[in-house]
Amino acid sequence: MNDLKKQFAKNVTIKNELGLHARPAAMIAELASQAESNVWLIKNDQQVDAASIIDILSLACLQGSTITLQVEDPADTEILDQLHELFKSGFGE
Amino acid sequence: MAPKEHEMLLKGISGSPGICIGKAYLVDREGVDVIEKYYISEDKVQSEISRFKNAVKKAKKELAEVIEGLPEELRHHSYILETHMLLHKDKMLYGKAIEIIETEKVNAEWALKEATSRAKAMFANISDPYLRSRSADVEHVSDCIMRNLVGVQDLNISNIDKRVILVAHNLSPAETSQIQLERIKGFITNRGGKASHTSIIARTLEIPAVLGLENATEAIENDDIIIVDGNKGMVIVDPDEETLFRYEELSKQYEAQKADAIRTSDQPAVSSDGVLLGIMGNIEMPEELVAVKDHGGDGVGLLRTEFLYLNRSQYPPEDELFEQYKEVVELMDPKPVTIRTLDINGDKEISAVPTPDEANPALGLRAIRFCLKKRGVFKTQLRAILRAAVHGYVRLLLPMISSCEEVRETLKLLDESAEELSREGYAFNRDIEIGVMIEVPSSALIADALAELVDFFSIGTNDLVQYTLAIDRVNRHVADLYNPLHPAVIRLLKMVTDTAHEKKIRVYMCGEMAAELLNLPVLLGLGFEELSMAPQSIPMIKNMIRKINAADARKFVEKVCRQNSALDTMQLIQDSYGDLLTQKFE
């Protein structure tokens, strides 16, 4: 990852008991689909589209796993922040 | 197809009790499973895409209506449906399908099928069972769109206008919540288990259901006459006249008794000569407490606590456990809630714990043995229970006890936990009743010694029978030998109840044996003070107890103890109490 990209990335740990299951995935996808450009979730070497519930679920994030949120467009940093908050709040669960 | 000559018996898992007889209605989409593939010309691509978009729009609208019309009691399931709403427009499904139409110039149905199987393939390698099973959500959404594309109309469950029994591969939350009580007699599915969403809904709706039949949709055809026996977890297809007659009787009697039982379920269960029995509910999740109350339960005789430990990578924190226990305890107060400490790595596996490779898990590191090895985990739970005990009537139940040392160790940990809590300034109640599960023959044999250490026994018959008879009841080669009325089991029960009476401690039962109407004369005669069971069984059991004379039952037990085989015992009960009961032995 180069320095420029790092500015638009944040690391989060999954707090939810069931991991990133259908409900949080739906919340992420809804937010990510409002972004100007792509929003990615990255776990180990796997990268998925945060605007797709199916893609998020396929990442199989269990409780306790750490993932990276990344946006491509500087205009989407606000979305990045909101996503970060969502993860920190445990998706209100 | 050749006519079926004989009735066919399918065995599954009881999802919800009751008996029904009726015509089968297959929900699986015959016309939809076979998807046609054809190519379209360049100038038709746009119209094919709009046809697809239209179908998605219609499917979404249908789902929105389902959510709208959801009855109050099913509302809390609706987030699943909200997720389905979003899935309709998911890039991997919606976007992919449109892309396939454009690039491959194929019809919308085929494109959707392709997109769906690619999306489903993404789930195949996930090891977490919960997340892996989310592929069912993708499948259901895809099916809804497909129905609108193909134009199959009669699949909407809410349009069914005759009283039928639904036969399905699996029922989605959307489909299950559309079921209208007055139209559906019962349902059976290939997939699903006791803890599945389908099963929970069936029990809420109180219609008979048998799940996990594996091949019901292949074995049964539309309009076949089928019998669903939700009490025994089986389905009879094309029954003989004799079977049909027998089940019609059974069903009528069951319904009449049930109606009668429910009217009086909030009344105490007192035998005809005035002996009071507490009839309690076994529950797993706090939500099930409603069922215990609705069915007239006198408390919770068994609160299984494994649920919070499953499907997660770390152990649950004390506060979370405390909140859960407190909720149950407060709602049940002043009636008792019997909290059984963690009972894992027998038939349940826990994801927070890497499963040790045991050749014989039933005889391995499980329940109390596991807890005493993982003291930190155990103490967290004990602390949560002691804190919850401030908010109502709590009893502590220790599973799988096979020696006095285990009890002493646990009591020591309890004292330690109480001291810690007091130091840390938490409100707690150490003065709770403590009991042991009698489910290993060794504990039955040392009941007199155990009685010195605890306030009550609770006999867990499922395991006690398994360990006493050396029969694994999920092993189908020997499952038919599993019988709680085996003389060895009866003698052990007698030993434990006699000891309890002599030592003046209370004795309860919490196993499937307690929910069988025909076992009641024996259990009453043995002097059990409480029986705990699935909440739905409570009204019928209470009703039956009122018909039995406890003094007679005590004499009857002496006779039972002299029998040399389970078969003789069953015959004896049938002859002596058969006319009191409506459910007969087969």
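Just above, that's the structure.
Note that this is a predicted model, so its numbers are computed, not measured. (Residues numbered from 1 in each chain as written. Chains lettered and ligands numbered in written order. Predicted model: local features only at pLDDT ≥ 70, side-chain atom pairs only at ≥ 80, totals over all residues.)

(A) Structural detail: the overall build of chain A. Helices and strands together make up the secondary structure of chain A, namely four helices and four strands. Start at the N end of chain A and walk to the C end: the helices and strands fall as α-β-α-β-β-α-β-α. Residues counted as buried form 42% of the 93 residues belonging to chain A. Look at the contacts in chain A between residues 6 or more apart in sequence, and 68% of them connect residues 24 or more apart. (Helix = DSSP H or I, 4+ residues; strand = E, 2+ residues; numbered from the N terminus. Buried ≥ 20, exposed ≤ 12 C-beta atoms within 10 Å, placed from the backbone. Contact = placed C-beta atoms within 7 Å.)

(B) Inspection of the interface of chain B and chain A at higher detail. Of the residues lining the interface, 24 residues belong to chain B; the matching set on chain A comes to 21 residues. Classifying every residue of the side of chain B that touches chain A gives 13 nonpolar, four polar and seven charged. (Nonpolar A, V, L, I, M, F, W, Y, C, P; charged D, E, K, R; others polar.)

(C) Geometry of the environment of B:Ile283. All names here are of chain B. Relative to the helices and strands, Ile 283 is located in strand 10 (residues 276–283). For Ile 283, a count of 25 C-beta atoms within 10 Å translates into the label buried. In sequence terms Ile 283 and Ala 534 are 251 residues apart; their C-alpha atoms lie 7.2 Å from each other. If we ignore the near neighbours within four places in the chain, the residues touching Ile 283 are Glu 288, Leu 289, Val 292, Val 300 and Leu 303.

(D) How the structure looks around the sheet that holds strand 4 (residues 66–71) of chain A. All names here are of chain A. Strand order in the open sheet made by the four strands is 1-4-2-3, with antiparallel pairing throughout. The open sheet has two edge strands with one neighbour each: strand 1 (9–13) and strand 3 (46–49). Between one strand axis and the next, the sheet turns through 25° on average, direction left out of account. Across five bridges, the pairing between strand 1 and strand 4 is antiparallel. Looking across to strand 4, one finds that Thr 13 is bridged to Thr 66. (Pairing = 2+ DSSP bridges. Axes fitted to C-alpha atoms, helices over the stretch in contact; angles between N-to-C directions.)

(E) Representation of the nonpolar core in the model. Of all hydrophobic cores here, the largest spans 90 residues; its most connected members are B:Ile385, B:Phe457, B:Val496 and B:Ile541. Residues in contact with B:Ile541, not counting those within four places in the same chain, are B:Ile279, B:Ala515, B:Leu517, B:Leu520, B:Leu531 and B:Met533. (Core = buried A, V, L, I, M, F, W, Y, C linked by C-beta atoms within 7 Å.)

(F) Spatial organisation of the packing of helix 2 (residues 22–32) of chain A against helix 4 (residues 77–88) of chain A. Residues and elements named next belong to chain A. Their axes nearest at 10 Å, the elements helix 2 and helix 4 cross at an angle of 170°. With respect to their mutual orientation, helix 2 and helix 4 come out roughly antiparallel. Packed against helix 2, whose contacting residues are Met 27, Ile 28, Leu 31 and Ala 32, the element helix 4 presents Ile 79, Gln 82, Leu 83 and Leu 86 at the interface. Residue classes in the contact of helix 2 with helix 4 are distributed as seven nonpolar, one polar and no charged. (Parallel < 35°, antiparallel > 145°, perpendicular 65-115°, else oblique.)

(G) The arrangement of the pairing of strand 10 of chain B in detail. All names here are of chain B. In terms of residue burial, strand 10 counts as a mostly covered element, since six of its eight residues are buried. The antiparallel hairpin formed by strand 9 (residues 269–270) and strand 10 contains five residues in its connecting segment, where Gly 274 sits at a positive phi of about 90°. Here strand 10 runs beside strand 17 (residues 530–533); their pairing, made up of four bridges, is parallel. Residue pairing in the sheet places Ile 279 in a bridge with Leu 531 of strand 17. For the crossover that starts at strand 10, traverses helix 12 (residues 289–294) and ends in the parallel strand 11 (residues 300–303), the hand is right-handed. (Right-handed = clockwise from strand over helix to strand, strands pointing away.)

(H) Region of interest: helix 3 (residues 78–87) of chain B. Taken together, the buried positions of helix 3 of chain B are occupied by B:Thr83, B:His84 and B:Leu87. The buried residues of helix 3 of chain B occupy an angular sector of 105° when the element is viewed end-on, so they sit on one face. (Arc of directions from axis to C-beta.)

(I) The arrangement of the sheet that holds strand 2 (residues 13–16) of chain B in detail. Residues and elements named next belong to chain B. Pairing in this open sheet of eight strands is mixed, and the strands run 1-8-7-3-4-5-6-2 from one edge to the other. The open sheet has two free edges, formed respectively by strand 1 (8–11) and strand 2, since each of these has just one partner strand. Each strand axis lies, on average, 30° off the axis of its neighbour in the sheet, ignoring direction. Where strand 4 (residues 164–168) lies against strand 5 (residues 184–189), five bridges are found, and the strand directions are parallel. From the neighbouring strand, Val 164 faces strand 5, where its bridge partner is Ile 184.

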